[in-house]
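Secondary and tertiary structure notes
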Amino acid sequence: MKIFIDSANVQQIEEVNGWGILDGVTTNPTLIAKEQTDFGTLVRQICTIVNGPISAEAISMKAGDIVVEARELASIHKNIVVKIPVTEEGLRATKTLSKEGVSINTTLVFSPAQALLACKAGARYISPFVGRLDDVGSDGMDVVAQILDILDNYQFDAEVIVASVRHPIHVVEAARMGAHIATVPYEVLKKMFKHPLTDLGIEKFLQDWQKVARH
Ligand code: G3P
């Protein structure tokens, strides 16, 4: 399973990249807006840190404009993946761009039907937002399971990025389902390490080692 960080913060990305487990990065306009650096500079900087897919979102709404914007984003670096929301115009742009070899991450996916259309349009990645589905009383991970069934039935070569991850259990469920990727916020990645029994175990081992050292 691949783990991406869902962040545009260079310090967070550098730190997690240093753990040796990071396969890629996803950003979105909200995450970019939290940073002080301009979009192009920030995306270029992220590409120098992580050698893997880096998602940058197109904000145009008309297919023709999305295509122009996506080509510009893709020209920044070979690892850029363009995020496009799953709208009618977005799908039209995805079809054009995927034929040109631009990698598309179809975003704001909330249903298996949307995922099916994105696959048919040639999306390389499909991003269901599980946390936001849970927030409105739906089961986000059930939507992921249905999307994985569809991909498997027809051997679509798109990969599912489980997004809008809120806690480590989302990541574990994604892994158990065989989702290809989870994009995980920094705070959740840190929580994945933590277990009180690990902390207690280290404390006890260090205490006991003091006794050995005195002999
Ligand atoms: O990057 C897209 C997605 O992960 C956003 O998550 O927490 O804003 O629902 P969230």
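Attention here is on the structure that accompanies the text. Note that the coordinates shown come from a computational prediction; the quantities given were computed from them, not determined experimentally.

Another aspect to go through is the site of the ligand. Close contacts around the ligand come from D6, N28, K83, F129, R132, A163, S164 and R166, and that covers them all. Note that an oxygen atom of the ligand is positioned 3.2 Å from one of the side-chain N or O atoms of K83. Residue S164 places a side-chain N or O atom 2.7 Å away from an oxygen atom belonging to the ligand. Surface burial for the ligand is 82%, taken as the share of its 310 Å² of free accessible area covered by protein chains.

Let us look at the packing of helix α4 (residues 63–74) against helix α5 (residues 88–100). Each pair of packed helices gets described by two things: the angle between the helix axes and the distance between those axes. Where α4 contacts α5, the two axes come as close as 8 Å, and the packing angle between them is 40 degrees. Judged by the inter-axis angle, α4 sits oblique to α5. Of the two elements, α4 crosses α5, and the hand of that crossing is right-handed. Here A63, I66, V67, A70 and R71 of α4 lie close against α5, whose contacting residues are E89, G90, R92, A93, T96, L97 and E100. Classifying every residue of the contact of α4 with α5 gives 6 nonpolar, 2 polar and 4 charged.

Looking now at the pattern of salt bridges. Tallied over the full model, the rule gives 8 salt bridges. Measuring nitrogen to oxygen at the nearest pair gives 2.8 Å for the salt bridge that ties D135 to R166. Here the residue D135 occupies a position in helix α7 (residues 130–135), and R166 occupies one in the loop between β7 (159–162) and α9 (168–177), the gap between them amounting to 31 residues. Among the salt bridges present, the one from D208 reaches K211, with a minimum N-O distance of 3.0 Å. In this pair, D208 and K211 are both assigned in helix α11 (residues 196–214), 3 residues apart and thus about one turn of the helix distant. K211 sits in the partly exposed class, given a relative accessible area of 43%.

Unlike most non-glycine residues, L108 shows phi in positive territory, near 60 degrees. Relative to the assigned elements, L108 resides in strand β5 (residues 104–109).

Among the secondary structure elements, T26 is positioned in strand β2 (residues 24–26). Residue T26 is classed as buried on the basis of its relative accessible area, which comes to 1%. Among the polar contacts made by the side chain of T26, one reaches the side chain of D6 at a distance of 2.7 Å. Beyond its immediate stretch of four places on either side in the chain, T26 contacts F4, I5, D6, S7, L31, S55, K83, N105 and T183.

Together, D134, D139, D142 and E173 make up a region of like negative charge exposed at the surface. Within the secondary structure, E173 sits in helix α9.

Looking now at the nonpolar core. It is characteristic of soluble globular proteins that their nonpolar side chains tend to be buried jointly. Ranked by size, the top nonpolar core spans 60 residues in total, and within it I5, V82, L97, I126, V144, V162 and V184 carry the most contacts. Not counting residues within four places of it along the chain, the set of residues in contact with V162 comprises P128, V130, M141, V144, A174, A179, I181, A182 and T183. Among the nonpolar cores identified, the runner-up in size contains 5 residues, and F4, V81, I161 and I181 belong to it.

A few words on the sheet that holds β7. The sheet built from 8 strands closes into a barrel, its strands ordered β1-β2-β3-β4-β5-β6-β7-β8 with parallel pairing. Strand-to-strand twist in this sheet, taken as the mean axis angle between neighbours without regard to direction, amounts to 30 degrees. When strand β4 (residues 80–85) meets β5, the two strands line up parallel, connected through 4 bridges. Across the sheet, residue V82 finds its bridge partner in β5, namely I104. Where α5 meets the sheet, it contacts β4 and β5, and its direction lies at approximately 155 degrees from that of β4. Here helix α8 (residues 140–154) sits on the sheet in contact with β5, β6 (125–128) and β7, set at roughly 175 degrees to β7.

Criteria and thresholds
- All chains use their own residue numbering, which begins from 1 and follows the written sequence.
- The model is predicted, so local features are restricted to residues of pLDDT at least 70 and side-chain atom pairs to those at 80 or more, both for listing and for counting; the totals for chains, interfaces and linings are taken over all residues.
- Here the side-chain values reflect all heavy atoms present in the structure, with hydrogen atoms and water set aside.
- Residues are classed as near a molecule or strand on a simple rule: at least one heavy atom within 4 Å of it.
- Polar contact is defined as a pair of N or O atoms within 3.5 Å, subject to the rule that within protein one atom must be able to donate a hydrogen and the other to accept it, and that residues adjacent in sequence are counted only when both atoms are side-chain atoms.
- Per-residue and other accessible areas follow the Shrake-Rupley method at a 1.4 Å probe size, with only the shown protein chains counted as cover for residues.
- Interaxial angles span 0 to 180 degrees and are taken between N-to-C directions of axes, which are lines fitted to C-alpha atoms, for helices over the stretch in contact.
- Strands here are runs of E lasting at least two residues and helices are runs of H or I lasting at least four, both read from the DSSP assignment and numbered beginning at the N terminus.
- Between 65 and 115 degrees an angle is taken as roughly perpendicular, under 35 as roughly parallel, over 145 as roughly antiparallel, and anywhere else as oblique.
- What makes a crossing left-handed is the near helix being turned counterclockwise from the far one by less than a right angle; a clockwise turn instead makes it right-handed.
- Whether two residues are in contact is decided by their heavy atoms, any of which lying within 4.5 Å being enough.
- Charged residues are taken to be Asp, Glu, Lys and Arg, nonpolar residues to be Ala, Val, Leu, Ile, Met, Phe, Trp, Tyr, Cys and Pro, and polar residues to be all remaining types, Gly included.
- Salt bridges are defined by distance alone: a side-chain nitrogen of Lys or Arg within 4 Å of a carboxyl oxygen of Asp or Glu.
- Whether a residue is buried, partly exposed or exposed follows from its accessible area with a 1.4 Å probe, protein chains only, as a fraction of its type maximum: under 20%, in between, or over 50%, in that order.
- For patch detection, residues must exceed 30% relative accessible area and be free of salt bridges, and they are connected within 9 Å for like charges or within 5 Å for nonpolar side chains (Val, Leu, Ile, Met, Phe, Trp, Tyr).
- Working convention for charge: Lys and Arg count positive, Asp and Glu count negative, and His plus the chain ends are omitted.
- Charged side chains are reduced to one point each, which is NZ for Lys, CZ for Arg, CG for Asp and CD for Glu.
- The criterion is simple. A nonpolar core is a set of buried Ala, Val, Leu, Ile, Met, Phe, Trp, Tyr and Cys residues joined through side-chain atoms within 4.5 Å.
- If DSSP finds at least two bridges between two strands, the strands pair.

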